[in-house]
Amino acid sequence: MGIKPRDMTPAVDLTRRNAAGPSRTWRPVYVDLLPPCNHACPAGENIQAWLALAQAGEYRQAWDALVADNPMPAVHGRVCYHPCEKSCNRGALDAAVSIHAVERFLGDLAAQQNWAHRIEAKPSTKRVLIVGAGPSGLSAAYHLRRLGHAVEIHEAGSVAGGMMHFGIPAYRLPRSDLMREIARIEAMGVRIVLNHPVLDVVAEKTAGGFDAVFVAIGAGLGKHIDVPARDAARVLDAVSFLHNVSTGDAPRLGRRVVVYGGGDTAMDAARTAKRLGAEEALIVYRRDRAHMPAHAFEADEALEEGLKIRWLTTIREIVGPNLTVEMMALDANGLPQATGQFETLEADAIVLALGQESDSAFLHRVPDIEVASDGTVRVGHDLMTGHPGIFAGGDMVGGERSVTVSVGHGKRAARNIDAWLRGERVSGPAKHPLVSFEMLHLPVYSDADPSSQRTLALSERLSGFEEIVAGLTEHEARYEAQRCLSCGSCYECDNCFAACPEAAIIKLGPGRRYRFAYDRCTGCAVCFEQCPCHAIDMVCEPRVQS
């Protein structure tokens, strides 16, 4: 099922140029293309590299390659929505590689083996203040320490972790796994000061002798709506609700709970309500499932656990335990429109899960920092605000909000802060072209079904907050890593070496790949057609000067 070399129309007769050897108009070259998993990862992981090490059983090296970009693999293997897997070329063949499961295996193995992060850079004389110990702040601290800088995090809360600790239910992310990865970052020399709200960034920077600041306070305020409410005994916002549950201060909800919203937080709130004893948890959402912002697997798991979802429904009024809801209809653009049809529902508690905002009011006093009405902060491509030396990232700068996006912001901020401290600008190398499934030369069959992670039985889920999904065994994780197709990168399969009819391919030894002996090569493209991962391309021979 190979494809023809790109634009293989003969361009020039090279017979005279190659009089001492074979005649050809095209020559093969080895290339490295960008795999779609790497391209899709918000944390910028070199997924293909650490999968290759994991499939060889080199787990410590695989973990080192992974944490070069992301310091919390045990967390991400559990809570990331793995856009890498949605982009995985293997998905067009049979099923995507379960990248997140292998990542979790490496993160959990690091905890078992007590692996420590390495700092290879020499200590600098610079000090950086980070405001907020959530995923973005922790990531920035980690990368800045690896770059040799002294780092101190000031966190307003009593526990580090931000929304990973207070917003993600324990059935998805056990707190012990989270705290182990935070402790590993602290062990690098990152100082985390808890119960320390920052009210004046400039004064804090000056008093502490910091050379730069990264503000990463997240988006911890739940949005509210202007719905008429009279005698409403219990209306909660989802962010506060999940926060209180995580601190052991869960509210009494009653028998019937309505959650208003259609995102992942709404699913988490409804599933948490069931675990707290609600007999009925109903999600009310104004659009249909096709337009729901929650990830499909979140909704599937919620439905599996007995939750109900009322699509195309919006709340109009709350009077005591009664909710007046209106049926909606989608217009041609998929937007909900009122129908004038009303219904009454009953609920002992209503949880509003309508999005989140950032509590950035303390930045209004800082010159040249622009703060929007929803608390988001305007930053440049380098994540620096309008005030020199003050950077911001994570949920508080808008855009897609997730743990992985925030961790990617932290890494990006660290590199830009490091460059700014040295009076330079970050200029990374140009990315390789992306390799698509159509560019691969694969067999038409598959003999490697994906590994599946075991899940907690439905009958056991609602009795508490025990983790639902179990990790892979070593055998399963290694097998899953071996399903990687190594898109765009040579893995020395010897297909080209074996297929060349002119013995024009020279093996250079393990890890060194091959080279072409062009004095023997005829440009027949057999090697190109036999390379399963498109690590060989065909290029036009340069024109001969007469």
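Before reading on, note that the structure itself is shown above.
Caption draft 1: Examining helix α14 (residues 403-421) more closely. Helix length check: α14 (19 residues) gives 27 Å between terminal C-alpha atoms against 27 Å at 1.5 Å per residue, within 8%. Summarising burial for α14: 16 of the 19 residues are buried, a large majority. Backbone geometry just downstream of α14 places Gly423 in the positive-phi region, at approximately 70°.

Caption draft 2: Region of the structure containing the packing of helix α7 (residues 135-146) against α14. As a packed pair, α7 and α14 sit with axes 7 Å apart at the nearest point and diverge in direction by 35°. Helix-helix and strand crossings are classified by hand; for α7 and α14 the assignment is right-handed. Mapping the contact onto sequence places Pro135, Ser136, Ser139, Ala140, His143 and Leu144 in α7 and Val403, Ser406, Val407, His409, Gly410, Lys411, Ala414 and Ile417 in α14. In the contact of α7 with α14, the residues fall into seven nonpolar, six polar and one charged.

Caption draft 3: Examining the packing of aromatic side chains more closely. Tallying each qualifying case throughout the model produces nine aromatic pairs. Relative to Tyr514, the ring of Tyr30 has its centre 6.0 Å away and its plane inclined at 20°; by these criteria the two rings are stacked. With Tyr30 in strand β1 (residues 26-30) and Tyr514 in strand β19 (residues 514-516), this residue pair connects regions lying 484 residues apart in the sequence. An angle of 80° between the planes, with centres 6.5 Å apart, marks the rings of Tyr285 and Trp311 as edge-to-face. Here Tyr285, found in the loop between β10 (280-284) and α13 (296-304), pairs with Trp311, found in the loop between β11 (308-310) and β12 (313-319); they are 26 residues apart in sequence, far enough to count as distant.

Caption draft 4: Geometry of the pairing of strand β15 (residues 349-352). The alternating pattern of β15 places Ala349 and Val351 and Ile350 and Leu352 on opposite faces, both of which are buried. Where strand β9 (residues 256-260) and β15 come together, four bridges link them in parallel fashion. Bridged to Val259 within β15 is Val351.

Caption draft 5: Spotlight on the sheet that holds strand β8 (residues 235-237). Read from one edge to the other, the open sheet built from five strands follows the order β8-β15-β9-β10-β11, with strand pairing classed as parallel. One side of each edge strand has no neighbouring strand; the edge strands of this open sheet are β8 and β11. Within the sheet, the average angular offset between the axes of one strand and its neighbour, ignoring direction, is 25°. Against the sheet, helix α11 (residues 238-246) makes contact with β8 and β15, and its axis sits at roughly 80° relative to β8, the strand it touches most.

Caption draft 6: Up close: the sheet that holds strand β5 (residues 212-215). One open sheet accounts for five strands, arranged β4-β3-β2-β5-β17; its pairing is parallel. Because the sheet does not close on itself, it has two edges, and the strands there are β4 (191-193) and β17 (390-392). On average, adjacent strands in this sheet sit at an angle of 20° to one another, irrespective of strand direction. Bridging between strand β3 (residues 150-154) and β4 involves three bridges; their strand directions are parallel. Within β4, the residue paired with Glu152 across the bridge is Arg191. Taken strand by strand, α7 contacts β2 (127-131), β3, β4 and β5, and its axis lies near 165° from that of β3. The sheet strands contacting α14 are β2, β5 and β17, and the helix crosses β5 at an angle near 165°.

Caption draft 7: Local environment of the side chain of Glu480. As for its placement among the helices and strands, Glu480 is situated in helix α16 (residues 474-482). Apart from residues no more than four positions distant in its own chain, Glu480 is found in contact with Ala96, Val97, Ser98, Val102, Pro450, Ser451 and Leu472.

Caption draft 8: Geometry of the packing of α11 against helix α12 (residues 264-275). The interhelical angle for the contact between α11 and α12, taken along N-to-C directions, is 45°, at an axis separation of 10 Å. Judged by the angle between their axes, α11 and α12 are oblique. With respect to the hand of their crossing, α11 and α12 are arranged in left-handed fashion. Residues Ala238, Phe241, Leu242 and Val245 of α11 touch α12, and the partners they reach there are Thr265, Asp268, Ala269, Thr272 and Ala273.

Caption draft 9: View of α16. Residues of α16 that are buried include every one of Glu476, Ala477, Glu480 and Ala481, and no others. The buried residues of α16 occupy an angular sector of 135° when projected down its axis, which confines them to one face.

Caption draft 10: Here's a closer look at the nonpolar core. Trp50, Leu51 and Ile417 are the most contacted members of the largest nonpolar core, which has 62 residues in total. With seven residues, the top contributor of residues to this core is helix α6 (residues 99-113). In contact with Leu51, not counting residues within four places along its chain, are Val97, Ile99, Val102, Ala481 and Cys484. Within the second largest apolar cluster, 26 residues are counted, among which are Leu242, Val259, Ala273 and Val351.

Caption draft 11: Seen up close, unusual backbone geometry. Non-glycine residue Asn195 carries a positive phi angle of around 55°. Relative to the assigned elements, Asn195 resides in the loop between β4 and α10 (201-208). Phi is positive for Ala525, which is not a glycine, with a value near 75°.

Caption draft 12: Representation of the environment of Val259 within the structure. Within the secondary structure, Val259 is located in strand β9. Remark: the alpha-carbon pair of Val259 and Leu354, spanning 95 residues in sequence, is separated by 9.6 Å. Once residues lying within four places of it in the same chain are set aside, the contact partners of Val259 are Ala266, Ala269, Ala270, Leu282, Ile283, Val284, Val351 and Ala353.

Caption draft 13: Looking closely at the pairing of β3. Here β3 lies mainly inside the structure; four of its five residues are buried. Strand direction decides the pairing type here: β2 and β3, joined by five bridges, are parallel. Looking at the pairing, Leu129 lines up with Glu152 of β3. What joins β2 to β3 is α7, and the crossover it makes is right-handed.

Calculation criteria
Residues numbered from 1 in each chain as written. Predicted model: local features only at pLDDT ≥ 70, side-chain atom pairs only at ≥ 80, totals over all residues. Heavy atoms only, no water. Helix = DSSP H or I, 4+ residues; strand = E, 2+ residues; numbered from the N terminus. Expected span 1.5 Å × (residues − 1). Buried < 20%, exposed > 50% of the residue type's maximum accessible area, 1.4 Å probe, protein only. Axes fitted to C-alpha atoms, helices over the stretch in contact; angles between N-to-C directions. Left-handed = near helix turned anticlockwise from the far one by under 90°. Contact = heavy atoms within 4.5 Å. Nonpolar A, V, L, I, M, F, W, Y, C, P; charged D, E, K, R; others polar. Phe/Tyr/Trp six-rings, centres within 6.5 Å; stacked < 30°, edge-to-face > 60°. Pairing = 2+ DSSP bridges. Parallel < 35°, antiparallel > 145°, perpendicular 65-115°, else oblique. Arc of directions from axis to C-beta. Core = buried A, V, L, I, M, F, W, Y, C linked by side-chain atoms within 4.5 Å. Right-handed = clockwise from strand over helix to strand, strands pointing away.

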